[in-house]
Amino acid sequence: MIRFEHVTKRYADGTTAVDDLSFEVAEGELVTLVGPSGCGKTTTMKMVNRLIEPTEGRIFLDGDDISAIDPVRLRRRIGYVIQQVGLFPHCTVLENTATVPHLLGWKRGKGRERAAELLDLVGLDPSVYGDRYPEQLSGGQRQRVGVARALAADPPVLLMDEPFGAVDPVVRERLQNEFLKLQAQVRKTVLFVTHDIEEAVRLGDRIAVYGQGSIEQFDSPATVLGAPATPYVADFVGADRGLKRLSVTPIEEGDLEQPPVVHLDDSLARATERLRAEGARWAVVLDGEDNLHGWIPADGFTTKTKDTVRAHARRMEAWLPVGAPLKQAFATMLQHDAGWIAVIDKESNGHFLGVLTPARLHEALRRSIDADAQDVPRAEVAVETVESVTKTASR
Ligand SMILES: Nc1ncnc2c1ncn2[C@@H]1O[C@H](COP(=O)(O)OP(=O)(O)OP(=O)(O)O)[C@@H](O)[C@H]1O
């Protein structure tokens, strides 16, 4: 969808901002450009919508050489979101969002209808926020309007330059999650500039890690973290990359252990006998449909009781759907001081699949590292163990 072929940008003062850059972004792919300040990320991005012209090389959009496309027409195919959102202060949120349809000559009603739809899509109720002015919004809400505005003419490509850079970390994480959900629906081809490796890892289908004016590694987040291509990349992604990697490795069914299971209507006496015979200290409690209900300890009941498990089962506080990142599992374990986390099927109504223990979490982390590091000599893939991760986290 976007292809750079040997692109170089030298500014008039002799600065080479981008040096012989070649890469390709597939349709519907979200690529994050990450690197330290001044490495050429913004220059790369602005060459795509011709705010900056390359000195050498060619850029293609959907097969068309962009140097042959009139810049104004080109920009209609490209949504642009920047950090200082650039909303018009004297226009309402709805008018701001409808700017591009308006410029494209859409009928007023159609433009406003589309703007309202998009505000909804980014989580701003148009009946509440549509008539407000930008100064009556929070920073995070303004960023959402920026995203809605960029999507208004339904361009196939989005360029986003540190769009969440100006908000606090909590709002930022929320905006990132919302944007991921939105992108799953709209599937734009996105170039996303950030200097924050965490953000690059969280959002990118692939990450381009910039050195000085060139890309040092262009790979999936898991590979960049698990098998950095150069010492520079290893240094940039940081010594705690094992910890970061937890956020890109999902819990799989194969990672789970199968503890003893009892049902709500089972006789407590028989369940207790069984658990003691098996040497188990607790069991997972399921309802009649094998959905997760909670857990029950093996001790503390006499085998003479007439009760059912239901009378003494405890509700489960910590559980996760399969596919959730290992980082969330780890955080949940720490938060609840739990030695294991129940994992359920995300499609059904909480169908129980098994439990994740710290040992299994460690194995899952190793599995994903090994999968990526097949061609990389072992010694170069120095990754923390769960123990050292635990120590880092508790420091
Ligand atoms: N108009 C210009 N004239 C001369 N040099 C420029 C110009 N614009 C950018 N540069 C230089 O080009 C290099 C790359 O700049 P660019 O803005 O692309 O970096 P960046 O990676 O986006 O940085 P940041 O994260 O700080 O925004 C820098 O050294 C910068 O000083």
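Residues numbered from 1 in each chain as written. Predicted model: local features only at pLDDT ≥ 70, side-chain atom pairs only at ≥ 80, totals over all residues.

K.L.:
Explanation requested: the overall build of the chain in the structure shown.
P.N.:
Secondary structure summary: the chain contains 16 helices and 17 strands in total. Taken along its principal axes, the extent of the C-alpha atoms in the chain is 85 × 55 × 35 Å. Each of the 395 residues in the chain was classed as buried or not, and the buried ones make up 39%. (Helix = DSSP H or I, 4+ residues; strand = E, 2+ residues; numbered from the N terminus. Buried ≥ 20, exposed ≤ 12 C-beta atoms within 10 Å, placed from the backbone.)

K.L.:
Is there a simple way to explain the site of the ligand in this structure?
P.N.:
Neighbouring residues of the ligand: 13 residues in total, closest Tyr11, Ala17, Ser37, Thr42 and Thr43. Per element, the largest residue contribution to the shell around the ligand is three residues, and it comes from helix α1 (residues 41–48). (Near = placed C-beta within 6 Å.)

K.L.:
It is not clear to me how the nonpolar core should be interpreted in this structure. Could you clarify?
P.N.:
The nonpolar side chains of a soluble globular protein tend to be buried, and buried together. Among the nonpolar cores identified, the biggest contains 64 residues, and Leu33, Leu159, Leu191, Phe192 and Val209 are the most heavily contacted of them. With sequence-adjacent residues up to four places away left out, Leu191 is seen in contact with Ile2, Val25, Val31, Leu33, Met45, Val48 and Leu159. Leu275, Ile341, Phe352 and Ala364 belong to the second-largest nonpolar core, a separate cluster that totals 36 residues. (Core = buried A, V, L, I, M, F, W, Y, C linked by C-beta atoms within 7 Å. Contact = placed C-beta atoms within 7 Å.)

K.L.:
Even after reading the chapter, I still don't get the domain arrangement of the chain, so can you show me in this structure?
P.N.:
Along its sequence, the chain is organised into domain 1 (2–245) and domain 2 (253–361). Inter-centroid distance (C-alpha atoms) of domain 1 to domain 2 is 43 Å. (Domains from an automatic or database assignment.)

K.L.:
Please explain the sheet that holds strand β1 (residues 2–10) as it appears in this structure.
P.N.:
Two pairing modes exist for strands in a sheet, parallel and antiparallel, and in both the strands are linked by backbone hydrogen bonds. The strand order across the open sheet built from four strands is β2-β1-β4-β5, with neighbouring strands paired in antiparallel fashion. On the outer flanks of this sheet lie β2 (16–25) and β5 (64–65), each paired with one strand and no other. Inspection of the sheet shows strand β4 (residues 56–61) paired to β5 by two bridges, in the antiparallel sense. Across the sheet, residue Phe60 finds its bridge partner in β5, namely Asp65. (Pairing = 2+ DSSP bridges.)

K.L.:
Can you walk me through the environment of Gly140 in this structure?
P.N.:
Topologically, Gly140 is positioned in helix α7 (residues 139–151). Each C-alpha atom, one on Gly140 and one on Arg174, is 9.0 Å from the other, the two residues being 34 residues apart in sequence. In this structure Gly140 touches Val167, Val171, Arg174 and Leu175, once residues within four positions along its chain are discounted.

K.L.:
So what exactly am I meant to see when it comes to helix α5 (residues 108–121) here?
P.N.:
Residues spaced three or four apart along an α-helix face the same direction, because each turn holds 3.6 residues. Helix length check: α5 (14 residues) gives 20 Å between terminal C-alpha atoms against 20 Å at 1.5 Å per residue, within 8%. Inspection of α5 places Gly111, Arg114, Ala115, Ala116, Leu118 and Leu119 among the buried residues, and these make up the whole buried set. As for α5, its buried residues are in contact with α3 (93–97), α4 (99–103), α6 (126–129) and α7. (Expected span 1.5 Å × (residues − 1).)

K.L.:
Would you mind showing me how to read α7 here?
P.N.:
Here α7 is 13 residues long and its end C-alpha atoms lie 19 Å apart, about the 18 Å a rise of 1.5 Å per residue gives. What α7 keeps buried is the set Gln141, Arg142, Gln143, Arg144, Val145, Gly146, Val147, Ala148, Arg149, Ala150 and Leu151.

K.L.:
How should the pairing of strand β17 (residues 352–356) be read in this particular structure?
P.N.:
A regular strand places its side chains on the two faces of the sheet in alternate fashion. In terms of burial, β17 is a largely internal element, five of the five residues being buried. Bridge count between strand β16 (residues 341–344) and β17: four bridges; the pairing is antiparallel. Counted as the bridge partner of Ile341 is Leu356 from β17.

K.L.:
Quick question: what am I supposed to make of the sheet that holds strand β11 (residues 261–263) here?
P.N.:
Within the open sheet, the four strands sit side by side as β11-β12-β13-β14. Their pairing is mixed. The two strands at the open ends of the sheet, each matched to only one other strand, are β11 and β14 (314–315). Relative to strand β13 (residues 292–297), strand β12 (residues 282–286) runs antiparallel, the two sharing five bridges. Considered in β13, the bridge of Trp282 is made with Pro297.

K.L.:
Where do I start with the environment of Glu253 in this structure?
P.N.:
For Glu253, the location among the structural elements is in the loop between α12 (241–245) and β11. For the pair Glu253 and Leu353, spaced 100 residues apart in the sequence, the C-alpha separation amounts to 7.1 Å. In contact with Glu253, other than residues within four places in its own chain, are Val322 and Leu353.

K.L.:
Please clarify how unusual backbone geometry should be interpreted in this entry.
P.N.:
Only a minority of non-glycine residues have a phi that is not negative, and only a minority of peptide bonds are not trans. Look at Asp62: it is not a glycine, yet its phi comes out positive at around 50 degrees. Looking at the secondary structure, you find Asp62 in the loop between β4 and β5. With a phi angle near 65 degrees, Asp290 is a residue other than glycine that sits in the positive phi range. Tracing the backbone through its elements, the reader meets Asp290 in the loop between β12 and β13.

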